[in-house]
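# An overview of the molecular structure
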Amino acid sequence: MTEIVRGFDGCPSWAPAFGYMGASLCMILSSWGSAWGTWRAGLGVCHMGIDHPAGIIKNIVPIVMAGVLGIYGLIVSVIIPQAVAPPG
């Protein structure tokens, strides 16, 4: 356990690893989720094209939103490591 001295809260040397792991997971999971959402929305557009060809353009919005969420995850995963500081 880390000893806490009065007025000073020590941080273990391995603590920044969790910050960087969080940023890595943010990038990985947002990219995976974006790809999965694009895949599912693409299937929906395919089915819409078969059933109702006139409504294909309306169903492109979910594909765009999935890409936007992937970009948002990329931006957040770049911002998070900037806040990670070495202990001490």
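Report on the accompanying structure.

The rules we used
- Residues numbered from 1 in each chain as written.
- Predicted model: local features only at pLDDT ≥ 70, side-chain atom pairs only at ≥ 80, totals over all residues.
- Heavy atoms only, no water.
- Helix = DSSP H or I, 4+ residues; strand = E, 2+ residues; numbered from the N terminus.
- Buried < 20%, exposed > 50% of the residue type's maximum accessible area, 1.4 Å probe, protein only.
- Contact = heavy atoms within 4.5 Å.
- Areas by Shrake-Rupley, 256 points an atom, 1.4 Å probe, with all protein chains shown as cover.
- Expected span 1.5 Å × (residues − 1).
- Axes fitted to C-alpha atoms, helices over the stretch in contact; angles between N-to-C directions.
- Parallel < 35°, antiparallel > 145°, perpendicular 65-115°, else oblique.
- Nonpolar A, V, L, I, M, F, W, Y, C, P; charged D, E, K, R; others polar.
- Polar contact = N/O pair within 3.5 Å; in protein donor to acceptor, adjacent residues only side chain to side chain.
- Phe/Tyr/Trp six-rings, centres within 6.5 Å; stacked < 30°, edge-to-face > 60°.
- Lys NZ or Arg CZ within 6 Å of the ring centre and 35° of its normal.

## Topic: the overall build of the chain
Looking only at helices and strands, one finds two helices and zero strands in the chain. A total of 88 residues make up the chain; the buried ones form 16% of that total. Restricting the contact set of the chain to residue pairs at least 6 apart, pairs at least 24 apart contribute 69%. Surface summary for the chain: the accessible area is close to 6800 Å², and the carbon and sulfur share equals 73%.

## Quick word on helix α1 (residues 15-51)
An ideal rise of 1.5 Å per residue puts 54 Å on 37 residues; α1 measures up with 54 Å between its terminal C-alpha atoms. Check the buried side of α1 and you find it contacts α2 (61-83).

## Examining α2
End to end, α2 covers 34 Å across 23 residues, agreeing with the expected 33 Å (1.5 Å per residue, within 8%). Among the residues of α2, those classed as buried are Ala-66, Gly-70, Gly-73 and Ser-77.

## Some details on the packing of α1 against α2
Where α1 meets α2, the axes come as close as 8 Å, and the angle between the chain directions of the two elements is 175°. In terms of orientation, α1 and α2 fall into the roughly antiparallel class. Along the contact surface, α1 presents Gly-19, Tyr-20, Ala-23, Cys-26, Met-27, Ser-30, Ser-34, Gly-37, Thr-38, Ala-41, Gly-42 and Val-45, while α2 presents Pro-62, Ile-63, Ala-66, Gly-67, Leu-69, Gly-70, Gly-73, Leu-74, Val-76, Ser-77, Ile-80 and Pro-81. Split by residue class, the contact of α1 with α2 holds 14 nonpolar, 10 polar and no charged.

## Description of the side chain of Ser-34
Here Ser-34 shows up in helix α1. For Ser-34, a relative accessible area of 12% puts it in the buried group. Engagement of the side chain of Ser-34 in a polar contact is seen with the backbone oxygen of Ala-66, the distance being 2.7 Å. In contact with Ser-34, other than residues within four places in its own chain, are Ala-66, Gly-67 and Gly-70.

## What to know about the packing of aromatic side chains
Scanning all chains against the criterion turns up two aromatic pairs. With a centroid separation of 5.6 Å and an interplanar angle of 75°, the aromatic rings of Trp-14 and Phe-18 are classed as edge-to-face. Phe-18 gets classed as exposed once you look at its relative accessible area, which sits at 52%. Over the ring of Trp-39 we find Arg-40; its NZ or CZ atom is 5.5 Å from the centre of that ring.

## Observations regarding the side chain of Ser-30
You can see Ser-30 is positioned in helix α1. Discounting chain neighbours no more than four positions away, the residues touching Ser-30 are Leu-25, Leu-69, Gly-70, Gly-73 and Leu-74.

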